[in-house]
Amino acid sequence: MHSPDVNAVFPLPDEAATQRLGERLATALQPGLVIFLEGDLGAGKTTLVRALIRALGHAGPVKSPTYSLVEFYVISSLYLYHFDFYRFESPEEFLDAGLGEYFNDASVCLVEWPERAQGCVPSPDLRLRLHHAGVGRIVEALADTPKGEACLNALIPAMGADDCCTTPAPR
Ligand code: ADP
Ligand code: MG
């Protein structure tokens, strides 16, 4: 069972389902939103973000930021930053790299491996936790702020009743 602070669970039986979640999340973004993508290597974090960025209209390649730390896109009037802190040896590297300035009211920040910058990276509005589930994946969504809740409230109906089950928001 998932923990009680999980607001929604989306089964992702195949890669297309992960892509669909990314596409639908693209329609629920607001400037200022910080989304953490948690999960093991190969859980589907980059797959989800790639589909999101393509859905917003980006036609070129979407590189994983594993080596660059951050990739930047201006699309659909959004300033979108895609981070990956997998290679951090300590959270302070976030500060050393001067990445804090990217987290502002105008930008959307999508963060892979946020736990490697814990205590230095700003808090998220929404956390997506991807897990392996058989040959597929499952994602738990946790909204931590009203902005994250608004995003999730837009995402849940977009995913359709068959794709999602919800649990009450924490109060
Ligand atoms: P991460 O960024 O979490 O390390 P990637 O997105 O780079 O993971 O890789 C995930 C791998 O799993 C890709 O090969 C992708 O095709 C596959 N994948 C993504 N979502 C699913 C899913 N729901 N079911 C099965 N395979 C998936
Ligand atoms: Mg990745």
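In short, a report on the structure. (Residues numbered from 1 in each chain as written. Chains lettered and ligands numbered in written order. Predicted model: local features only at pLDDT ≥ 70, side-chain atom pairs only at ≥ 80, totals over all residues. Heavy atoms only, no water.)

## Notes on the overall build of the protein chain
Operational definition: Every helix listed is a DSSP run of H or I at least four residues long, and every strand listed is a run of E at least two residues long, numbered separately from the N terminus. Just to be clear, the radius of gyration here is over C-alpha atoms, and the globule rule we use is 2.2 Å times residues to the power 0.38. When a residue's accessible area, from a 1.4 Å probe over protein chains only, is under 20% of the maximum for its type it is buried; when over 50% it is exposed; and in between it is partly exposed. It only takes one pair of heavy atoms within 4.5 Å for two residues to be counted as in contact. With residues, only the protein chains shown are counted as cover, and all accessible areas are computed by Shrake-Rupley using a 1.4 Å probe. Note on charges: Lys and Arg go in the positive column, Asp and Glu in the negative column, and His and the chain ends are not counted at all. Lys charges are placed at NZ, Arg charges at CZ, Asp charges at CG and Glu charges at CD.
For the protein chain, the helix and strand inventory stands at four helices and eight strands. Reading the protein chain from its N terminus to its C terminus gives the helix and strand order β-α-β-α-β-β-α-β-β-β-α-β. Whereas a compact globule of 171 residues would reach a radius of gyration of roughly 16 Å, the protein chain reaches 15 Å, a difference of no more than 12%. Taken over 171 residues, the protein chain has a buried fraction of 48%. A separation threshold of at least 6 residues defines the contact pool for the protein chain, and within that pool the share at least 24 residues apart is 66%. Counting every atom, the protein chain has about 8,200 Å² of accessible surface; 52% of that belongs to carbon and sulfur. Seen as two clouds, the 13 positive and the 22 negative side-chain charges of the protein chain have centres 4 Å apart.

## Describing the packing of helix α1 (residues 15-26) against helix α2 (residues 45-55)
A packed helix pair is summarised by two numbers, namely the angle formed by the two axes and the spacing between the axes. We count it as follows: Lines are fitted to the C-alpha atoms to define the axes, a helix being fitted only along its stretch in contact, and any angle between axes, read from their N-to-C directions, falls within 0 to 180 degrees. An angle below 35 degrees is treated as roughly parallel, one above 145 as roughly antiparallel, one from 65 to 115 as roughly perpendicular, and anything else as oblique. Should the near helix be turned anticlockwise from the far one by less than a right angle, the crossing is termed left-handed; should it be turned clockwise, right-handed. In this classification, Asp, Glu, Lys and Arg are treated as charged, Ala, Val, Leu, Ile, Met, Phe, Trp, Tyr, Cys and Pro as nonpolar, and every other residue, Gly included, as polar.
Here α1 crosses α2 at 50°, and the two axes come no closer than 7 Å. Overall, the two elements α1 and α2 adopt an arrangement that is oblique. Considering only the axes of α1 and α2, their crossing is right-handed. Two secondary-structure elements touch here, α1 through Glu15, Thr18, Gln19, Leu21, Gly22, Glu23, Leu25 and Ala26 and α2 through Thr47, Leu48, Ala51, Leu52 and Ala55. Split into classes, the residues belonging to the contact of α1 with α2 amount to seven nonpolar, four polar and two charged.

## Some details on the packing of α1 against helix α4 (residues 146-159)
Two elements in contact, α1 and α4, have axes whose closest approach is 9 Å; the angle formed by their N-to-C orientations is 130°. On the basis of the axis angle, α1 is oblique to α4. The hand of the α1/α4 crossing is right-handed. The segment α1 lies against α4, with Arg20, Leu21, Arg24 and Leu25 engaging Cys151, Leu155, Ala158 and Met159. Of the residues assigned to the contact of α1 with α4, the class counts are six nonpolar, no polar and two charged.

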